[in-house]
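Report on the structure
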Amino acid sequence: MPRIIKYWHAGDSRLIGLLALTLLLIALFLAQQSPQNTSASPNWRKIELTAVKQRLDSGDLSYQEASWYHLASPEELAERARP
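Residues numbered from 1 in each chain as written. Predicted model: local features only at pLDDT ≥ 70, side-chain atom pairs only at ≥ 80, totals over all residues. Heavy atoms only, no water.

A word on the overall build of the protein chain. Within the protein chain, the secondary structure is distributed over 4 helices and 0 strands. Shown N-terminal to C-terminal, the secondary structure of the protein chain runs as helices and strands in the order α-α-α-α. Taken as a whole, the protein chain presents about 8,500 Å² of accessible surface, with 62% of it coming from carbon and sulfur. (Helix = DSSP H or I, 4+ residues; strand = E, 2+ residues; numbered from the N terminus. Areas by Shrake-Rupley, 256 points an atom, 1.4 Å probe, with all protein chains shown as cover.)

This is the structure in structure tokens:
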């Protein structure tokens, strides 16, 4: 580590400071937007665990794939690949 610091320039310290400030601002923004701080925020989806557990117990939810889900055929994949 001392060898790396030996070759630092003044601009390197400013860059590291800018990066640290950016990370700090991102962390503050994410902490402000966390779902724990906003109980009724429309931006976050809350999962009702009791409802999910009831549906699991009743058999409405299972490990089977959804009825609308199907694997794409080669023709469908070719259509998607065209611009």
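Still to come is the rest of the account.
Bringing a nonpolar patch on the surface into the picture now. A cluster of nonpolar side chains, contributed by L15, L18, L19, L21, L24, L25 and L28, occupies part of the molecular surface with about 680 Å² of accessible area. Within the secondary structure layout, L15 lies in helix 2 (residues 10-32). (Patch = residues over 30% accessible without salt bridge, like charges linked within 9 Å, V, L, I, M, F, W, Y side chains within 5 Å. Salt bridge = Lys/Arg side-chain N within 4 Å of Asp/Glu carboxyl O.)

Confidence along the protein chain averages 79 in pLDDT terms, with 77% of residues attaining 70 or more. Least confident of the elements in the protein chain is helix 1 (residues 2-6), whose mean pLDDT is 65; most confident is helix 2, at 89. (pLDDT = per-residue confidence, 0-100.)

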